[in-house]
Amino acid sequence: MSFMRLAQAILLSIAVMAAGCGKNDGKKAPVAGVQDTVQPISVMSSTALSRQVEGHVESTGTIFPWDEVTVSNEAPGVVEKIAADLGDRVAAGTPLAVLDQKEARLNLISAEADVATSMNALDREGARLSDAGMNLRRNEGLLKENMISQSVFDGIKTQFQVAEASAKEAEARLQSARARLNLAAKRLSDTVVKSPISGEVKKRFVSVGETVKDRVPFFTIVDARKLKFRGTVSEAMSSKVKNAQPVVVAIDALGAGGYRGAVTRISPAIDLETRTLEIEAVISNETGALRPGHFAKAMIITEAGKQAVFVPEAAVYSLAGITKVFAITENVAHERVITLGLKIDGTVQAIDAEGRLKAGDIVAVSNLQNLYEGAVVAIEAR
């Protein structure tokens, strides 16, 4: 019995201890001298700026030359001389290549001789016609005075008509000879391949000594003093694009921008496959800095200037498709969800649909991955 009483006493003690532990609600007892604290996140900061921007529509496309032509030969022959090559600047009418001219020159000399012979023959027939005409007029008077018979007069008239026909035939032969001369002169001229426009040689296709047929490509000439930007805008923005609107073009490959122009052509219809509208703009290129073929981005100015908020590019943080900046007020970070706009001199337009981000706000530019709404921050001195 004493053993049973001892066991019951032990079980009772365990139950009391368990009940005492349950009353503590799982909370740890405070440790003397220790307090909970929030460690500030160290960041560097900058200021949101106000800049004047213009309403615009963006377009991507390609730079094309103002004019481009492939020059071919009119006559077959052997290439005797090449007068221009890749990169050479040529004026309209400048000889680019010359074909062998021996046969063409001989044909021209022959045609000139035929013209000279025909002119002499026409002069002789003209003199005969003049004499026959004078004789006819003299005998007309004699016939009226009955000094000659009608049969004699008819013979004289026939001589005049024969002389007149011979003169017309001689004149026709002269015209034919002159036509052959003009053709021979053209064929000689066709042995010289000339540039139809002013520009630069983009390609050369033939070499000296090469035998070519007619209509063979010799050169490609491009005029790049002015350029064309051909690009597309989205269907949603197509209604904002008008002719004569200013355009600013940037070339990523050159790391340069600011090439200005104007919209000159707009497609009358939306492309059914891409749902985009094709546009064309002319761009000045007097310095020759731009080259046809560059991929380009264009900003079509559609509205007058207005003020917008810009932040340093380092202040922008993107995650899971959400772009934001952190505005700092009294050492507390606040999220501002934004849409990016123009980029100017290391800053980017921050479009806040809710309008909470203002010019003059302090924004974090470092340690963004550790920031969150309501985070306590410590701004580092620069």
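Not measured: the values here are computed from a predicted model.

Some remarks on the overall build of the protein chain
Helix and strand counts for the protein chain come out as three helices and 21 strands. When each of the 382 residues of the protein chain is scored for burial, the buried share is 32%. Considering only contacts within the protein chain whose residues lie at least 6 apart along the sequence, 75% involve residues at least 24 apart. Here the protein chain has roughly 23700 Å² of accessible surface; of this, 54% comes from carbon and sulfur atoms.

With respect to the side chain of Arg336
Along the chain, Arg336 falls in strand β17 (residues 332–337). Of the side chains bearing the opposite charge, Asp352 lies closest to the buried Arg336, which forms no salt bridge; the N-O distance is 4.9 Å. Once residues within four sequence positions are removed from consideration, Arg336 is found in contact with Thr323, Lys324, Val325, Ala327, Asp352, Arg356 and Leu357.

Overview of helix α2 (residues 102–144)
In this model, α2 (43 residues) spans 63 Å end to end at C-alpha, consistent with the 63 Å of a helix rising 1.5 Å per residue. Among the residues of α2, Ala104, Leu108, Ala111, Val115, Ser118, Ala121, Glu125, Ala132, Gly133, Leu136, Asn139 and Leu143 are the ones counted as buried. Of the residues flanking the end of α2, it is Asn146, one or two places downstream, whose phi is positive at about 55 degrees.

Concerning the sheet that holds strand β7 (residues 192–194)
Sheet architecture is open: four strands sit in the order β7-β6-β4-β9, paired in antiparallel fashion. Looking at the sheet topology across the chains shown, the edges are occupied by β7 and β9 (211–212). Relative to β9, strand β4 (residues 77–82) is paired through two bridges, and the arrangement is antiparallel. Each bridged residue has a counterpart across the sheet, and for Val78 the counterpart in β9 is Thr211.

Digging into the pattern of salt bridges
Oppositely charged side chains may form a pair once their charged atoms are brought near each other. Per the counting criterion, the structure on display carries 15 salt bridges. One salt bridge connects Glu280 with Arg265, and the closest N-O pair in it is separated by 3.8 Å. Remark: Arg265 occurs in strand β12 (residues 256–266) and Glu280 occurs in strand β13 (residues 276–284); sequence separation between them is 15 residues. On the accessibility criterion, Glu280 (12% relative accessible area) is buried. Residue Arg356 is joined to Glu354 by a salt bridge in which the shortest nitrogen-to-oxygen separation is 3.0 Å. For Arg356, a relative accessible area of 38% gives the class partly exposed. The class for Glu354 is exposed, based on a relative accessible area of 58%.

With respect to the pairing of β13
Within β13, seven of the nine residues are buried, which leaves it mostly tucked inside the rest of the structure. Pairing geometry for strand β10 (residues 217–234) and β13, over nine bridges, is antiparallel. Looking at β13, one finds that Lys228 is bridged to Val282.

Concerning the packing of aromatic side chains
As enumerated under the stated definition, the model contains zero aromatic pairs in all. Positioned above the aromatic ring of Trp66 is the side chain of Lys228, whose terminal nitrogen or guanidinium carbon lies 5.4 Å from the ring centre.

Considerations on helix α3 (residues 150–189)
For α3, spanning 40 residues, the distance from its first C-alpha to its last is 58 Å, which sits close to the expected 58 Å at 1.5 Å a residue. Buried residues of α3: Phe153, Ile156, Phe160, Ala163, Ser166, Ala167, Ala170, Leu174, Ala177, Leu181, Ala184 and Leu188, and no others. Of the surrounding elements, those touching the buried residues of α3 are α2 and β7.

As for the layout of surface pockets
Here the largest pocket defines a volume of roughly 620 Å³. Around the largest pocket, the lining comprises 21 residues; the ones closest to its centre are Glu58, Ala250, Met299, Leu342 and Lys343. Of all elements in the fold, only β3 (49–72), β11 (246–251), β12, β14 (295–312) and β18 (339–344) reach the threshold of two or more residues within the lining of the largest pocket. Per-element tally for the lining of the largest pocket: the top contributor is β3, with six residues. Class assignment of the residues belonging to the lining of the largest pocket gives a composition of nine nonpolar, six polar and six charged. Of the pockets and cavities examined, the second largest pocket occupies roughly 340 Å³. Around the second largest pocket, the lining comprises 17 residues; the ones closest to its centre are Glu200, Val222, Ala224, Arg291 and Pro292.

Criteria and cut-off values
Numbering of residues starts from 1 in each chain and follows the order in which that chain's sequence is written. Two thresholds apply to this predicted model, a pLDDT of at least 70 for residue-level local features and 80 or more for giving and counting side-chain atom pairs, whereas whole-chain, interface and lining totals are computed over all residues. To obtain the side-chain values, all non-hydrogen atoms of the structure were used and water was disregarded. Helix and strand assignments come from DSSP, with helices taken as H or I runs of at least 4 residues and strands as E runs of at least 2, each series counted from the N terminus. Summary of the burial criterion: residues with accessible area below 20% of their type's maximum are buried, those above 50% are exposed, and those between are partly exposed, where the area comes from a 1.4 Å probe applied to protein chains only. Any two residues whose heavy atoms approach within 4.5 Å at even a single point are treated as in contact. Here the Shrake-Rupley method, with its probe set to 1.4 Å, supplies the accessible areas, and only the displayed protein chains count as covering residues. As used throughout, the charge tally considers Lys and Arg to be positive and Asp and Glu to be negative, leaving His and the chain termini uncounted. Criterion for a salt bridge: a side-chain nitrogen of Lys or Arg within 4 Å of a carboxyl oxygen of Asp or Glu. What a helix should span is 1.5 Å times the count of its residues minus one. Here a strand pair is declared whenever DSSP counts at least two bridges between the two strands. In this analysis, rings of Phe, Tyr and Trp, with Trp reduced to its six-membered ring, are considered paired at centre separations within 6.5 Å, and the interplanar angle assigns stacked below 30 degrees, edge-to-face beyond 60, and tilted for intermediate values. Lysine and arginine charges are scored as sitting over a ring when NZ or CZ, respectively, is within 6 Å of the ring centre and within 35 degrees of the ring normal. Only protein atoms enter the 1 Å grid used here, on which a cavity is any set of points holding a 1.4 Å probe that cannot leave and a pocket is any open set flanked by protein within 12 Å on both sides along at least five of seven lines; residues with an atom within 4 Å of a point are listed as lining. Grid points are joined across faces, edges and corners, and a volume is the space filled by probe spheres set on the points. Three classes are used: nonpolar for Ala, Val, Leu, Ile, Met, Phe, Trp, Tyr, Cys and Pro, charged for Asp, Glu, Lys and Arg, and polar for all others, with Gly counted as polar.

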